[in-house]
Every structure is written in structure tokens, then in C-alpha cells.
Amino acid sequence: MLKSKKIVVLGHFGVGKTSLIRRFVTDTFSDNYTVTIGVHITKKVVEISVDKTMSLILWDLEGTDDIASIRKAYLLGTHGAVFVFDISRPSTFQHLKEDLRIVTEQMPDIPLMVVGNKSDLAEESELKNRLQENSISVDFLTSAKMGTAVNELFLKLATLLSSDA
Amino acid sequence: MLREYQEQYANTNEQFVFVNKIGVVLESDNVLFKIAKDSSIFDFHLFFESLESLFDGNEEEETKFHCIHIYIDSDLYIVDILAVVKRAGVLLIIKNLTDHYNSYQTITQTRNESVIKTELTVLKNLELQERERFKNSFIQNFSHELRNPLMSIMAISELLADTKMSNEQLQMLKFLKESNMNLRLMLEDTLSIGMIDAGRLEIEKKLFGLQRFFEFIQFTYTAKAKNKGLKFVCSWDGKIPEFVEGDRLRLFQIVTNLLDNALKYTEAGTITFEVQLNQKRANKASVQFRVTDTGLGISLENKEAIFESFFREDASENIKGTGLGLTIAKRLLELMGSKIQLTSELGKGSDFYFDVLFKYPLLSSIEAIPRKNSQEAFIGSLGKEQRKFKILLVEDDEYVQTTLFKILLNTNRFKIDLAYDGALVFQEVVSNNYDLILMDANLPNVDGIQITKLIRDFPFKNIKDIPIIGITANAYQENIDQCLNAGMRKVLIKPFEKEELLKAIAKALK
Ligand SMILES: Nc1nc2c(ncn2[C@@H]2O[C@H](COP(=O)(O)OP(=O)(O)OP(=O)(O)O)[C@@H](O)[C@H]2O)c(=O)[nH]1
Ligand SMILES: [Mg+2]
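Described in the following lines is the structure provided in the data block. (Residues numbered from 1 in each chain as written. Chains lettered and ligands numbered in written order. Predicted model: local features only at pLDDT ≥ 70, side-chain atom pairs only at ≥ 80, totals over all residues. Heavy atoms only, no water.)

1. As for the overall build of chain B
Then step 1. A tally of helices and strands in chain B yields 16 helices and 17 strands.
Then step 2. Burial statistics for chain B: of 510 residues in total, 44% are counted as buried.
Then step 3. If you take every contact in chain B between residues at least 6 apart in sequence, the share linking residues at least 24 apart comes to 65%.
Then step 4. Total accessible area computed for chain B in this model is approximately 28,300 Å², and 53% of it derives from carbon and sulfur atoms. (Helix = DSSP H or I, 4+ residues; strand = E, 2+ residues; numbered from the N terminus. Buried < 20%, exposed > 50% of the residue type's maximum accessible area, 1.4 Å probe, protein only. Contact = heavy atoms within 4.5 Å. Areas by Shrake-Rupley, 256 points an atom, 1.4 Å probe, with all protein chains shown as cover.)

2. Notes on the pattern of salt bridges
Then step 1. In the structure shown here, the tally under the stated rule is 21 salt bridges over all chains.
Then step 2. Between Arg101(A) and Glu105(A) there is a salt bridge, with its nearest N and O atoms 2.7 Å apart. Within this pair, Arg101(A) and its partner Glu105(A) are both found in helix 3 (residues 96–106), separated by 4 residues, close to a single helical turn.
Then step 3. In this structure Glu105(A) comes out as exposed when scored by relative accessible area, which is 55%.
Then step 4. Salt bridges sharing common partners tie together Asp86(A), Arg89(A), Lys118(A) and Glu119(B). (Salt bridge = Lys/Arg side-chain N within 4 Å of Asp/Glu carboxyl O.)

3. Regarding the interface of chain B and chain A
Then step 1. Between chain B and chain A, the residue contacts involve 26 residues of the former and 27 residues of the latter.
Then step 2. For the pair chain B and chain A, the summed buried area comes to about 2,300 Å², and 64% of that belongs to carbon and sulfur atoms.
Then step 3. Among the salt bridges present, the one from Arg89(A) reaches Glu119(B), with a minimum N-O distance of 3.1 Å.
Then step 4. For the side of chain B that touches chain A, the secondary structure elements donating two or more residues are helix 3 (46–49), strand 3 (62–72) and helix 4 (98–161) of chain B.
Then step 5. The biggest single contributor to the side of chain B that touches chain A is helix 4 of chain B, with 13 residues.
Then step 6. Here the side of chain B that touches chain A is composed, by residue class, of 12 nonpolar, 9 polar and 5 charged. (Buried area = accessible area lost by both parts, 1.4 Å probe. Nonpolar A, V, L, I, M, F, W, Y, C, P; charged D, E, K, R; others polar.)

4. Let's talk about the packing of aromatic side chains
Then step 1. All told, the structure shown has 23 aromatic pairs over all chains when counted by the stated rule.
Then step 2. Note on Phe208(B) and Phe213(B): the rings are 6.2 Å apart at their centroids and 70° apart in plane angle, and the pair reads as edge-to-face. Assigned by exposure class, Phe208(B) and Phe213(B) land together as buried.
Then step 3. What links up through ring pairs into an aromatic cluster is the set Trp59(A), Tyr74(A), Phe33(B), Phe44(B), Phe47(B), Phe48(B), Phe65(B) and Tyr77(B).
Then step 4. Between the NZ or CZ atom of Lys44(A) and the centre of the ring of Phe24(A), over which it lies, the distance is 5.1 Å.
Then step 5. Across from the ring centre of Tyr434(B), 5.5 Å away, lies the NZ or CZ of Lys390(B), which sits over that ring. (Phe/Tyr/Trp six-rings, centres within 6.5 Å; stacked < 30°, edge-to-face > 60°. Lys NZ or Arg CZ within 6 Å of the ring centre and 35° of its normal.)

5. Structural notes on the sheet that holds strand 16 (residues 468–472) of chain B
Residues and elements named next belong to chain B.
Then step 1. Pairing within the open sheet is parallel, and its 5 strands lie in the order 14-13-15-16-17. Of all strands in the sheet, those with a lone pairing partner are strand 14 (414–419) and strand 17 (490–493), marking the two edges. Each strand of the sheet is rotated relative to its neighbour by a mean of 20°, with strand direction disregarded.
Then step 2. The sheet contact formed by strand 13 (residues 389–394) and strand 15 (residues 436–440) spans 4 bridges and is parallel. The residue of strand 15 that forms the bridge with isoleucine 391 is leucine 436. (Pairing = 2+ DSSP bridges. Axes fitted to C-alpha atoms, helices over the stretch in contact; angles between N-to-C directions.)

6. Notes on the coordination of the magnesium ion (ligand 2)
Residue and element names in this part refer to chain A.
Then step 1. Every protein donor of the magnesium ion (ligand 2) is listed here as Thr18 (OG1) and Thr36 (OG1), and their distances to the metal cover 1.9 to 2.0 Å. Of the two residues, threonine 18 is situated in helix 1 (residues 17–26) and threonine 36 in the loop between helix 1 and strand 2 (39–49); the sequence distance between them amounts to 18 residues.
Then step 2. Judged by relative accessible area, threonine 36 falls into the buried class, the value being 11%. (Donors = N, O, S within 2.8 Å, 3.2 Å for Na, K, Ca; no water.)

7. Some details on the side chain of Ser88(A)
Then step 1. Among the secondary structure elements, Ser88(A) is positioned in the loop between strand 4 (80–86) and helix 3.
Then step 2. With near-sequence residues (within four places) excluded, Ser88(A) lies in contact with Lys118(A), Leu121(A), Arg130(A), Leu120(B) and Leu123(B).

8. Observations concerning the site of ligand 1
Then step 1. For ligand 1, the set of nearby residues contains 24 residues, the closest of which are Lys17(A), Ser19(A), Ser30(A), Tyr33(A) and Asp120(A).
Then step 2. Mapping the residues near ligand 1 onto chains gives chains A and B.
Then step 3. One of the side-chain N or O atoms of Tyr33(A) is found 2.6 Å from an oxygen atom in ligand 1.
Then step 4. With the chains in place, 93% of the 650 Å² that ligand 1 exposes on its own is no longer accessible.
Then step 5. Counting residues per element, the shell around ligand 1 draws most heavily on helix 1 of chain A, which supplies 3 residues.
Then step 6. Among the residues forming the shell around ligand 1, the class breakdown is 7 nonpolar, 12 polar and 5 charged. (Near = heavy atom within 4 Å. Polar contact = N/O pair within 3.5 Å; in protein donor to acceptor, adjacent residues only side chain to side chain.)

9. Describing the environment of Leu357(B)
Residue and element names in this part refer to chain B.
Then step 1. Summarising the element assignment, leucine 357 is placed in strand 12 (residues 349–359).
Then step 2. Owing to a relative accessible area of 58%, leucine 357 belongs among the exposed residues under this scheme.
Then step 3. Taking the C-alpha atoms as reference, leucine 357 lies 9.4 Å from glutamate 245; in sequence the two are 112 residues apart.
Then step 4. In contact with leucine 357, not counting residues within four places along its chain, are Lys284, Ala285 and Ser286.

10. A closer look at the packing of helix 7 (residues 248–265) of chain B against helix 8 (residues 325–335) of chain B
Residues and elements named next belong to chain B.
Then step 1. Here helix 7 crosses helix 8 at 145°, and the two axes come no closer than 9 Å. For the crossing formed where helix 7 meets helix 8, the hand is left-handed. Contact with helix 7, carried on its side by Arg250, Gln253, Ile254, Asn257, Leu258 and Asn261, involves Gly325, Leu326, Ile328, Ala329, Leu332 and Leu333 of helix 8 and no other residues of that element. (Left-handed = near helix turned anticlockwise from the far one by under 90°.)

11. Thoughts on the pairing of strand 16 of chain B
Along any regular strand the residues' side chains alternate between the sheet's two faces.
Residues and elements named next belong to chain B.
Then step 1. Of all 5 residues in strand 16, 5 are buried, a share of seventy percent or more.
Then step 2. Burial of strand 16 is two-sided: the residues Ile468, Gly470 and Thr472 facing one way and the residues Ile469 and Ile471 facing the other way are all buried.
Then step 3. Pairing of strand 15 with strand 16, which is carried by 4 bridges, proceeds in the parallel orientation. Counted as the bridge partner of isoleucine 437 is isoleucine 468 from strand 16.
Then step 4. Taken together, the 4 bridges between strand 16 and strand 17 define a ladder with parallel strand orientation. Each bridged residue has a counterpart across the sheet, and for threonine 472 the counterpart in strand 17 is isoleucine 493.

Structural data, given as C-alpha cells:
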């Protein structure tokens, strides 16, 4: 039986939430920025193991610089969450700890992936330094543009969700 | 009757759907979408698939979802959905707000884009500043270290010049000296940036003739441009006050750096220098200075970078200069509370301009400055004696030479000899009876300060006491003190005005 899981993707605006989902679902990318308002919902079926598939319902939320202001209704019934920041814009990770605290408070007991996106915009070593300076640890450094670590991210989350169920 | 009207004007924006607790559609008014009875609402759209958990809620529990994007047959609806739990199922009220949300999207788009753009611009500027600071401190230290070895190279080149050498060797020595000079100029520029950075440079507020300043530039650069086969077009706005309060020397540095830069990067066409009045208010005048060229141009992405030290749009070797001119101009303008503006197109040319706010004296105080009759006043001050005074001009810069010649010969009171090279000065001084020497303090070989010292140490009184007036472009107090200590009567700082020169000469000849 096909299990479906709701995943919300959230973070500040312009960090690449829509682009990550787009890369994952249709394997495409655009340099143009179209602001998401409210929520867009898409689905992708993933194969977790040979005979096991899972349907991910991806909620691409409107970005906000105030994570506390995310509408609670969007988060109802969520199975997994992805918090995305933009490694090239400090304002999107300056208050990461506080942002993550708010997210886990509103959705306790679900797997949460912390993602630094746009990894193509910095050298790897420089990036690591930057994160270390801000004492930030991430689950994935992705690039929606280059496709780096995007599938891995969602697959990892799906795997976590399948062992949960 | 009323029922008919109700149907006609009923809300066409809102659809009511009622489903049972496992999501089967019991009833739908299909105002917006066709949702078949007995179908599963979960199949209608992905949104509802994640709603399951809500269905077990308490009776009358309401949940509102805003701004949900729903595609039906490739038509986009942006809707709000209210879900209310009832005893027998769940009531869903779907409200179509597509138009409303579309305009909200446009606003948010503009806002987000501008916030991000601002952040990235600030970041980029910080990065540039940081890089510039690092580079400058490095260069400062480095230049300082370079000074001593350079001094020895220069001194040894001098010694070498006195030895027996073949023509070929002399030629090589000439190149060596030229390179030394360039290196020295570069060090001076670098150190003057250091002065600005360290806040050791102060902007003066002294009355000076802005129009004279303009004429001086016009005169000098017409010749320079001609040398390179370029046209030099100047314009002066007659509404600008003739006299203003400001720092003439710094203004001169800024304008000449821009002009030199234009000359450097223009191979054909025209260089323009315009001075325009923006506005006059009370006793302040805002004046715009503009330098345009038909040269190489600067690409958009380098618009900021060209003001960084040692940056070059064109990395080719044959462009001379220190690469610091624009940086100095920019910093000096910052000190004056102004900013350099640039528009340019690659391959077409560049247009630099900046505004300076000058205080200017109201009419009565201008009267106090002797202008019109300065020449007569000067000639008068030389006394009844009608003989011509003999002046030796020691100056290697031909533009300054020409300017001085013009001014001095106009008075019809002087005979002027010229020496280019410090080494030749003694011969001239010994075999002529000069009344006065005008000497550049920064001559290439033996510099003016050294020559002055040597003359003052001369055993013959008629030579030893010849008044010497120094000319320099280096306005640092220590340089001026050096000149005066060596025995110069007075030091004129380039660019100076005719009055200043004539006054100094008259005083020295008394
Ligand atoms: N270089 C680079 N640019 C990216 C990457 N991902 C996204 N972008 C760009 O960043 C901008 C914003 O991307 P979106 O995916 O729309 O960002 P978002 O988080 O969905 O933004 P909101 O919907 O406003 O919250 C777009 O111009 C993308 O092209 C990436 O990995 N690398
Ligand atoms: Mg988006």
C-alpha cells in the first residue's frame, strides 16, 4: 500500500524552497525568482527500497523573515519538515537556533532537516568556516541550481519517515 | 420571486461541500468546481489528502487555510478553505480569492526582491571595504619598506652617472632612472592614500580663484591632449562665483587625476572638462565638475572596482601610471563630503562627475581682493627702476614652464633663462647675474632643495644671497619646511595663481 506523508518546506523568503522542490520533483531549475505566497502543494513518489515506495506530499510554504508568523494551519498533520536557509545571505541564518526552536515547538516529535542551500555560491572550505563561525550544523548543504544533494535530502527524510511508521 | 433573484445574485465565489468522516462527498453546490457526489475528496486535490488528521476533531472545531493554490485543468485558483467539523462529517467552505491574492503576490514580489537586493548590496560593499582595507594596509607597509632600497638605487644611479660610460650604457642608465622615478611617484601616491586613511589629511577652506583654477587646467591639458592627438574641450559656467572658499590643491589633485585617467585610456576623440553651477543659495554655491572621454570605457561590473587601488580595466602593459589616481580622487572627495559619480559604456567612453559645495564671499568682501589691477600694482611695487630683472627658472615640467613664461613675460619686466636639470644650474648661476631663481623643489636628478643648500653655501656673496622661490606640488608641511630650511624665501604650492607668484617675486626683489 502506498503511504503518503506530508512534508512542509519552510524558511526565510528567497532561500530556494521552491527551487529545491522543483529540482526534486521535475529536475529543473530557473534563475528567476517568483515569490511564493500561501502554499503550493505537489507530490512525488519515492522508492525507499526495492519493494517499498512512499508518496511525499510537499508543502512549499511562503517564505517569511519571521518564522513565528507562519500560519499554524499549514503545519497541521505534518510528518516531516525541511528548514532551508541561504548560505549566501546571513540574514537567513543569523537567528537559526531561535528559528529552529520555534519550528520544533510547533511541530514536536517529527523529523526535521536543516538545509543550507545555494552551496554553489561559495567555496566548500569557506562555507564550512562560515558555518562554524556561526556555530551552525546542517544536515545537508544543497544546491538546487546544480542539483547537489537534493535527492539525498528528500530520500533521507523519506527513509526516516518509513522507519517511523 | 425572491428565490430567483437569490439564485441570480448568490455568491459565486464560495463553494460549500459536505463530506463524511472518511472523506466521501455527500453534497456539493459546485459553485466553483465540479466535485462529484460519492467521490473521495482526497482524490479531488492533494490539499485534502493531508487533511485527514483534522477529520477526527471535536465538533464545531474550525480550521482556516489561507491562500491555497489549486490547479484544476491547468486553471489556477487561489482559495481560502474553512473546514468545520460537524457531527455527521466535515463542512468545507472554499472561497475563491484569486484576484486578491494575485495582487498580493505582486506586492510581495517587489518587497522581497528589494529586501534581498539591499542585503546583497550591503554585503558586497562590506566585502569590498574589507578587501580594500586589507590591501591598503599591506601596501602601506610594503611601500614603507621599499623606500630605503629605492633611495639607494637612486643614489647609486647618480654615482654611476659620474663614471665613464659608453653611449649604450648611458642609454640604459636613462631607462633605469626613469623607472626609479616611476617607482618613486607610485610610492608617493601610495603614502598619500595612507595619509587620507589615517585621517592625517585636512581639507583647507581658503579663498581662491575658481575661474583661474579652471583656466590653468584648460591651458595645461590643452597641450597634453594635443600631444596625444586628442581634442580637449572646456566649458565654464559664467554664473559660478569667481572666488570660492575651498581646498584648491586637493581640487587640483582630483581634477587632474580624472583628466590624467581620461588621457591615459583614450586613444582617439575628445576629452571634455566642464564646470557647471548647480545652484547658488545664500552664500553657498554647488558646482559640478565633469570629465568625459571617448576612451576605453568601464564595464558595469567594474564600476565600483575601478576606484580600488591598483585596479585596471585593461590589464595591458602599455598603460602607464600608478593605478592610484582614481582612488585618491575618490578619497579626497569623500573628505570634502562629496562623491564621485560615473556612467560609462565599454568601448564608448566614460563620464565622471562630482559636485562640490563652496562657500563664496558676498560682493563687498570680494572687493578686498586685488584682482583687476594686480599687474599694475605689481609693476608699481617693483619701483621706478626700469631695468628688466633676470630670473632663472629651474623647472622640468614643460607645462609649468610655459605657464610661468607666459605670466612673467606679460609683465614686460623680466628676462628669463631656463634650466631643466639641477646639474646645469651652477654653470648658469655662476656665469649670469640673476636677481632671482624660481626653482621646482622636486627636480629629477639633484633636487631643488639640495641645489638651494649648495647655493647658500657658495663662497661668493652675490651668488650666495640670490633669492630663491620654490615651487612644489607636495603640500605636506614637512616638505615645505625642508624647502624653507634649505634657504628658499618662499614656497609656492602648485597650482598657484598669478597674483601669488607676482606678489612673492615682488617681495623677494625688494
Ligand atoms: N545560485 C543558486 N541560486 C538558487 C539556488 N536555489 C534557488 N536559487 C535562486 O534563489 C532565488 C529564490 O529561489 P526560490 O526557490 O524562489 O526561493 P523560495 O525560498 O521559494 O522563496 P519564497 O517563495 O519567496 O519564500 C531564485 O532566483 C532562484 O533561482 C541555488 O541552489 N543556487
Ligand atoms: Mg517559494
